[in-house]
Amino acid sequence: MFWVLAIVAAISWLVFRQVDDWGRDLTTNVAITSEASELLQPLRLNIPTAETLRRLRSVVGELPRWTWQSEKSGEDGVAQVMLTRSTALWRFTDDITVWIDPLDEGRATRVRAKSQSRIGRGDLGQNPRNLIELLQAMQRYTDAKGVRQ
């Protein structure tokens, strides 16, 4: 009986420490980057779209539980990439859309993203964490390549 209570307490503690905003995280299952957001800012890179796509593919290949689903480019030059990420414990799948916008006549890009849970009304903060994980990995990879924002 003690072990069951200990396991339940450990799982509860893990869930509790993951939630940043109980009001948002229990009622919202989507997160989107925005210039107005303090936490989820789009990423600006001084590299062209094709190079940004190549680096995104490398980053996604290295992140655990992330999968590249598809990619397409619009007439306006904006690349759209569909990704999925599964959660560690319950293996829930979240859908991530990444838009790579060309800037400065194609010499730079802006990386915007949206993460949405497939099920449930709340995400316990997982969707913002998905975007932070992806954008931070892109920034680290880019910094390692010597490209400044």
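Residues numbered from 1 in each chain as written. Predicted model: local features only at pLDDT ≥ 70, side-chain atom pairs only at ≥ 80, totals over all residues. Heavy atoms only, no water.

Draft legend 1. Layout of the packing of helix α3 (residues 49–62) against helix α4 (residues 126–144). Two elements in contact, α3 and α4, have axes separated by 10 Å at closest approach and are oriented at 115°. Considering the angle they form, α3 stands roughly perpendicular to α4. The handedness of the crossing between α3 and α4 comes out as right-handed. Judged by residue contacts, T52, R54, R55, L56, S58, V59 and V60 of α3 engage L134, A137, M138, Y141 and T142 from α4. (Axes fitted to C-alpha atoms, helices over the stretch in contact; angles between N-to-C directions. Helix = DSSP H or I, 4+ residues; strand = E, 2+ residues; numbered from the N terminus. Parallel < 35°, antiparallel > 145°, perpendicular 65-115°, else oblique. Left-handed = near helix turned anticlockwise from the far one by under 90°. Contact = heavy atoms within 4.5 Å.)

Draft legend 2. View of the pairing of strand β5 (residues 93–103). The pairing of strand β4 (residues 79–86) with β5 spans eight bridges and is antiparallel. Paired with T84 across the strands is D95, a residue of β5. Hairpin connection of β4 to β5: six residues between the antiparallel strands, including R91 at a positive phi of 65°. Sheet topology note: the β5/strand β6 (residues 108–117) ladder contains 10 bridges and is antiparallel. Paired with L103 across the strands is A108, a residue of β6. (Pairing = 2+ DSSP bridges.)

Draft legend 3. Up close: unusual backbone geometry. Of note in this structure, R65 is not a glycine but carries a positive phi near 70°. According to the relative accessible area criterion, R65 is partly exposed, its value standing at 31%. Even without being a glycine, E105 presents a positive backbone phi close to 55°. Among the structural elements, E105 can be located in the loop between β5 and β6. (Buried < 20%, exposed > 50% of the residue type's maximum accessible area, 1.4 Å probe, protein only.)

Draft legend 4. Quick peek at α4. The end-to-end C-alpha distance of α4, which contains 19 residues, comes to 27 Å, matching closely the 27 Å that a straight helix rising 1.5 Å per residue would cover. Among all positions of α4, only Q126, N127, P128, N130, L131, L134, L135, A137, M138, Q139, Y141 and T142 are buried. (Expected span 1.5 Å × (residues − 1).)

Draft legend 5. Local environment of the side chain of D123. Assignment of secondary structure puts D123 in the loop between β6 and α4. On the basis of relative accessible area, D123 is assigned to the buried category, the value being 8%. There is a polar contact of 2.7 Å between the side chain of D123 and the backbone nitrogen of G125. (Polar contact = N/O pair within 3.5 Å; in protein donor to acceptor, adjacent residues only side chain to side chain.)

Draft legend 6. Focus on the environment of T142. The topology assignment puts T142 in helix α4. It is 9.4 Å that separates the C-alpha atoms of T142 and I47, two residues lying 95 residues apart in sequence. For T142, the side chain forms a polar contact with the main-chain oxygen of M138, separated by 2.9 Å.

Draft legend 7. Structural context of the packing of aromatic side chains. Summed over the entire model, instances satisfying the criterion amount to one aromatic pair. Between F2 and W3, the ring centres sit 5.5 Å apart and the planes meet at 70°, which makes this aromatic pair edge-to-face. Note on accessibility: F2 and W3 belong to one class, exposed. When the ring centre of W68 is taken as origin, the NZ or CZ atom of R57, which lies over that ring, is 4.0 Å away. (Phe/Tyr/Trp six-rings, centres within 6.5 Å; stacked < 30°, edge-to-face > 60°. Lys NZ or Arg CZ within 6 Å of the ring centre and 35° of its normal.)

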